[in-house]
Amino acid sequence: MLYPVIWQQDHVTLIDQTRLPTEYAVVEIRRYEDMAAAIQTMIVRGAPAIGVAAAYGMYLGARDIDTTERGEFLARLDEVANVLKATRPTAVNLFWACDRMLKTARQTVGNVAHIKQVLLATAQRINEEDIETCKAIGDRGLEVLPTIPEKLRLLTHCNTGSLATAGYGTALGVVRSAWQASRLERVYADETRPRLQGAKLTAWECVQEKIPVTVISDSMAAHCMQQKMVDAVVVGADRIAANGDTANKIGTYSLALVAKAHDIPFFVAAPLSTIDFQLENGTEIPIEQRDSQEIYRIGDTQICPPGAEYYNPAFDVTPAHLIAAIITDRGAVAPTELAQLQAQPVS
Ligand code: MRU
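What this report covers is the structure whose coordinates are included nearby. (Residues numbered from 1 in each chain as written. Predicted model: local features only at pLDDT ≥ 70, side-chain atom pairs only at ≥ 80, totals over all residues. Heavy atoms only, no water.)

1. Observations regarding the overall build of the protein chain
Logical step 1: Scanning the protein chain for helices and strands turns up 11 helices and 16 strands.
Logical step 2: Taken over C-alpha atoms, the radius of gyration comes to 20 Å for the protein chain, in line with the 20 Å a tight globule of 347 residues would show.
Logical step 3: The C-alpha extent of the protein chain, read off along each of the three principal axes, is 65 × 55 × 40 Å.
Logical step 4: Looking at the protein chain as a whole, 56% of its 347 residues are labelled buried.
Logical step 5: The contacts in the protein chain between residues at least 6 apart in sequence include a share of 74% that link residues at least 24 apart.
Logical step 6: Here the protein chain has roughly 14600 Å² of accessible surface; of this, 50% comes from carbon and sulfur atoms. (Helix = DSSP H or I, 4+ residues; strand = E, 2+ residues; numbered from the N terminus. Rg over C-alpha atoms; globule rule 2.2 N^0.38 Å. Buried < 20%, exposed > 50% of the residue type's maximum accessible area, 1.4 Å probe, protein only. Contact = heavy atoms within 4.5 Å. Areas by Shrake-Rupley, 256 points an atom, 1.4 Å probe, with all protein chains shown as cover.)

2. Some thoughts on the site of the ligand
Logical step 1: With respect to spatial proximity, 18 residues lie near the ligand, and among them Arg88, Gln197, Asp238, Asn248 and Lys249 are the closest.
Logical step 2: In this structure, Ala47 approaches the ligand through a main-chain N or O atom, which is 2.8 Å from an oxygen atom.
Logical step 3: Taking Asp238, its side chain carries an N or O atom lying 2.8 Å from an oxygen atom of the ligand.
Logical step 4: For the ligand, whose unbound accessible area comes to 420 Å², protein coverage reaches 100%.
Logical step 5: Put simply, the parts of the chain that give the shell around the ligand at least two residues each are helix H2 (47-63) and strand E9 (246-249).
Logical step 6: Looking at side-chain class alone, the shell around the ligand contains 7 nonpolar, 7 polar and 4 charged residues. (Near = heavy atom within 4 Å. Polar contact = N/O pair within 3.5 Å; in protein donor to acceptor, adjacent residues only side chain to side chain. Nonpolar A, V, L, I, M, F, W, Y, C, P; charged D, E, K, R; others polar.)

3. Considering the sheet that holds strand E3 (residues 26-29)
Logical step 1: Taken in spatial order, the 3 strands of this open sheet run E1-E2-E3, and their pairing is antiparallel. Among the strands making up the open sheet, the edge pair consists of strand E1 (5-8) and E3. The sheet shows a mean angle of 25° between the axes of neighbouring strands, direction not considered.
Logical step 2: Most of the contacts of H2 go to E1, to which it runs at about 30°, and overall it touches E1, strand E2 (11-15) and E3. (Pairing = 2+ DSSP bridges. Axes fitted to C-alpha atoms, helices over the stretch in contact; angles between N-to-C directions.)

4. Topic: the side chain of Asp238
Logical step 1: As for its position among the elements, Asp238 is in the loop between strand E7 (232-235) and strand E8 (239-241).
Logical step 2: An unpaired buried charge is present at Asp238: no salt bridge exists, and Arg88, the closest side chain of opposite charge, is 6.0 Å distant.
Logical step 3: Look past the residues within four positions of Asp238 in its chain and what remains in contact with it is Ala47, Thr90, Ala91, Val92, Asn93, Ala247, Asn248, Lys249, Thr274 and Phe315. (Lys, Arg positive; Asp, Glu negative; His and termini not counted. Salt bridge = Lys/Arg side-chain N within 4 Å of Asp/Glu carboxyl O.)

5. Digging into the side chain of Ser273
Logical step 1: Here Ser273 is to be found in the loop between strand E10 (266-269) and strand E11 (275-276).
Logical step 2: One polar contact links Ser273 to Asn93, side chain to side chain, over a distance of 3.5 Å.
Logical step 3: Each residue touching Ser273, except ones within four places of it in the same chain, is listed here: Val92, Asn93 and Trp96.

6. What to know about the packing of aromatic side chains
Logical step 1: Enumeration over the complete set of coordinates arrives at 4 aromatic pairs.
Logical step 2: Both rings, one in Trp7 and one in Tyr56, keep their centres 5.7 Å apart while their planes meet at 10°; by these two values the pair is stacked. Taken together, the residues Trp7 in strand E1 and Tyr56 in helix H2 connect sequence positions 49 residues apart. Of the two residues, Trp7 and Tyr56, neither departs from the other in class, the shared state being buried.
Logical step 3: Clustering of aromatic rings is evident, with ring pairs tying together Trp7, Tyr56 and Tyr59.
Logical step 4: Over the ring of Tyr168 we find Arg176, and its NZ or CZ is 5.0 Å from the ring centre. (Phe/Tyr/Trp six-rings, centres within 6.5 Å; stacked < 30°, edge-to-face > 60°. Lys NZ or Arg CZ within 6 Å of the ring centre and 35° of its normal.)

7. What to know about the pairing of strand E4 (residues 152-156)
Logical step 1: Burial within E4 is extensive, with 4 of its 5 residues counted as buried.
Logical step 2: For E4 and strand E5 (residues 184-190), the ladder comprises 5 bridges, and the chain directions are parallel. The partner of Arg153 across the bridge, within E5, is Arg186.
Logical step 3: Viewed along the sheet, the connection from E4 through helix H6 (residues 171-180) into E5 turns out right-handed.
Logical step 4: Summarising the sheet, E4 and E7 pair through 2 bridges and their orientation is parallel. (Right-handed = clockwise from strand over helix to strand, strands pointing away.)

8. Description of the pairing of E10
Logical step 1: Of the two faces of E10, the one holding Phe266 and Val268 and the one holding Phe267 and Ala269 are both buried throughout.
Logical step 2: Where E7 lies against E10, 3 bridges are found, and the strand directions are parallel. Following the sheet pairing, Val233 is matched in E10 by Phe266.
Logical step 3: As judged from the 3 bridges shared by E10 and strand E15 (residues 325-328), these two strands associate in the parallel manner. Note on E15: the bridge partner recorded for Phe267 is Ala325.

9. Observations regarding unusual backbone geometry
Logical step 1: Note that the residue after Ile148, namely Pro149, is joined by a cis bond; omega there is -5°.
Logical step 2: The linkage connecting Arg193 with the following residue, Pro194, adopts the cis geometry, with an omega of 5°.
Logical step 3: Counting through the fold element by element, Pro194 comes out in the loop between E5 and helix H7 (197-209).

10. Observations regarding helix H3 (residues 70-85)
Structurally, the α-helix is built with 3.6 residues per turn, so residues lying three or four positions apart point the same way.
Logical step 1: With 16 residues, H3 should cover 22 Å at 1.5 Å per step; its first-to-last C-alpha distance of 22 Å lies within 8% of that length.
Logical step 2: The complete set of buried residues in H3 reads Phe73, Leu74, Leu77, Val80, Ala81 and Leu84. What you see down the axis of H3 is that its buried residues fit within an arc of 110°, all on one side.
Logical step 3: Elements in contact with the buried residues of H3: helix H1 (32-40), H2, helix H4 (92-107) and helix H5 (112-144).
Logical step 4: With a side-chain oxygen positioned 3.3 Å from the backbone nitrogen of Gly71, the residue opening H3 is Glu69. (Expected span 1.5 Å × (residues − 1). Arc of directions from axis to C-beta.)

In structure tokens, the structure reads:
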């Protein structure tokens, strides 16, 4: 299995996801500013992976705070968190991880050197927990996937695999679990314009793992459903509001509409940390707007005429009523039942 974020004694290595699949390169991160830049430029991407990377970023920032005075240390750690939080607005895991690190620092008794040690241990725990969480999502997903046909044809969007998490994946983790349980015939991977995470990353992961994968352009998904080539759709999430409305990679909403039109179940797979219980519904989810160059070009090639304007929201919101179930590490529930998970104690 791939691990996109690894702690190496005194620094972090990231698989550079902007270079895959043509080049496998690893980037060394030693300062929190460089971690913030890596998140912003999408060297590391995918909501859970961003959370793990940010947790290590918090430790790297803490390590460099040159004071033994607790109050000053905590104030400067707030500044580190603010820099990391300013990188990408939609994936709530980023805010969740930074806030968990801040809370840990505030609650730890002892001197600054001790707090720093505890922060490293907490980042490592967040990293390990995410892998366990993803495996649980995969198992829970198997419980709700259609039982007929025996071998499923699943369609997914963007990249939600090992690369998008600490390892294993969320929606692609469900695909992986289905494959391991001999319940998968094939996964269709939407290419996912503009950044092509499906064509570049999901396809690459599947080829590595020998999971049968067919890449389609985003515009082909409706046709594939109409042709009865798809048994279920499984996607990830960047932020889920309390009512189940789900922000995920741009194009997810149209997939959900088309799936509904063809009576194909549409599942969202995400860890509990992706649910933002403070937001009542999806209209409150901040949607990241990215550079128009992502639309204007494919790779280094300009495809649009100069003079035209471009609109580039990175995510859209799928209304809860289009979602059959939200598969989390604590179980799969209807979007209307998310509150039950919040109340449930961690096992
Ligand atoms: O812009 P990205 O590549 O970070 O967007 C990723 C997605 O939208 C994923 O579907 C989501 O983060 C879930 S990843 C397990």
